[in-house]
Structures are given as structure tokens and as C-alpha cells.
Amino acid sequence: MEPMDIVGRTKEDASLPKATMTKIIKEMLPPDVRVARDAQDLLIECCVEFINLISSESNEVCNREEKRTIAPEHVLKALEVLGFGEYIEEVYAAYEQHRHETMDTMRSGKWSNGAEMTEEEALAEQQRMFAEARARMNGGGSAPKQSDAEAQPSSNS
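- As named in an unreviewed UniProt entry, the protein is Protein Dr1, taken from Sesamum alatum.

1. Section: the packing of aromatic side chains
Okay, step 1: Under the defined criterion, the tally for this structure stands at three aromatic pairs.
Okay, step 2: Here Phe84 and Tyr87 contribute two aromatic rings whose centre-to-centre distance is 6.3 Å and whose plane-to-plane angle is 50 degrees, an arrangement assigned as tilted.

2. Remarks on the pattern of salt bridges
A side chain of one charge can pair with a side chain of the opposite charge if their charged atoms are brought near each other.
Okay, step 1: This structure, assessed with the given rule, holds seven salt bridges.
Okay, step 2: Its salt-bridge partner being Lys18, residue Asp41 comes within 3.1 Å of it at the nearest N-O pair. In this pair, Asp41 is assigned in helix α2 (residues 37-64) and Lys18 in helix α1 (residues 18-27), connecting sequence segments 23 residues apart.
Okay, step 3: Residue class for Asp41 comes out partly exposed when judged on its relative accessible area of 30%.
Okay, step 4: Across the pair Arg99 and Glu96 runs a salt bridge, and its minimum N-O distance is 3.3 Å. Separated by three residues within a single helix, Arg99 and Glu96 lie in helix α4 (residues 88-107), roughly one turn from each other.

3. Regarding the packing of helix α3 (residues 72-81) against α4
Okay, step 1: Direction vectors running N to C along α3 and α4 enclose 160 degrees, while the axes themselves pass 10 Å from each other. The angle between α3 and α4 falls in the class roughly antiparallel. Between α3 and α4 the crossing geometry is right-handed. Side by side, α3 and α4 meet where Pro72, Leu76, Leu79 and Glu80 of the first sit next to Ile88, Val91, Tyr92 and Tyr95 of the second.

Calculation rules
Residues numbered from 1 in each chain as written. Predicted model: local features only at pLDDT ≥ 70, side-chain atom pairs only at ≥ 80, totals over all residues. Heavy atoms only, no water. Phe/Tyr/Trp six-rings, centres within 6.5 Å; stacked < 30°, edge-to-face > 60°. Salt bridge = Lys/Arg side-chain N within 4 Å of Asp/Glu carboxyl O. Helix = DSSP H or I, 4+ residues; strand = E, 2+ residues; numbered from the N terminus. Buried < 20%, exposed > 50% of the residue type's maximum accessible area, 1.4 Å probe, protein only. Axes fitted to C-alpha atoms, helices over the stretch in contact; angles between N-to-C directions. Parallel < 35°, antiparallel > 145°, perpendicular 65-115°, else oblique. Left-handed = near helix turned anticlockwise from the far one by under 90°. Contact = heavy atoms within 4.5 Å.

In C-alpha cells, the structure reads:
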């Protein structure tokens, strides 16, 4: 029987992308240093365990506050509780940078899939998706696709 983690999955179910982790490992070392494959695998397993540890403690912090969603402050508190307080400032700075970059991307209208829609197109697509969902809930497969004329939002809404 395989060891189980907190949520009941086997250890093999939770991993990190090897190529990405290998790149990170190599970027942190001088160019003349090589890392054995088993050492890379060990480092990746350590990262997975660290993420599990922080996630679990963050969940505990969240539960103590009677919240249902883990927020960034719960993760920062978990770092402190687990003895990683010296990293909180750097982690918070990385979080703020990520948040800033994400907000810039959202403000500029550039989404990760590269698709751009006008507000009217987005509303029409939303209405079409709602209609399909209603049709599925009411037991009728999927709703027929709306024509362009039907897809235009009404001025009553």
C-alpha cells in the first residue's frame, strides 16, 4: 500500500513539473555545478513536502479564524508558526509583485489565452452559457446556439 497524504491521494498524485523545477534548481547554482538526477528528484520531493506543510498549516490558521478560504495572510501566519518567520518579508514582497503584475495584465485587457472580447461580446457569450446551463439543469441536453440577432443584449437589462 502506498503512503497517503492529507487529502487521501498517493504521493505520486501530487508533484511539481520536473522541467520547471530543474530549471529553477539550475538557475540557483553556478553554471559549472551539476546536479545528479536523484538529487533533483529529492529536491522536488522536498518542495512538494514543503508545500504540503505550508498548505496544511495555512488551513489550520484559516480554521482557527473560522474562515473557509485560505487567504495570503493565513499563509504568512503559517510561515511564522512553522518557524519560517525570517522569510515572511521576502514572501510578501513576491506576493505583492505577483499581485501588481496580475492587476496590470487584467487592466490592460490582456488575458492569458490572448482572446479579446468587447463587453457586448462577453455579455452575449455569458447569456449563451447561462442558457446552456439552464437547459442542462432542466433536463434538456444543451440549448441551441443563438443567432447573432438573439445574442445581442436587450436594452431592458
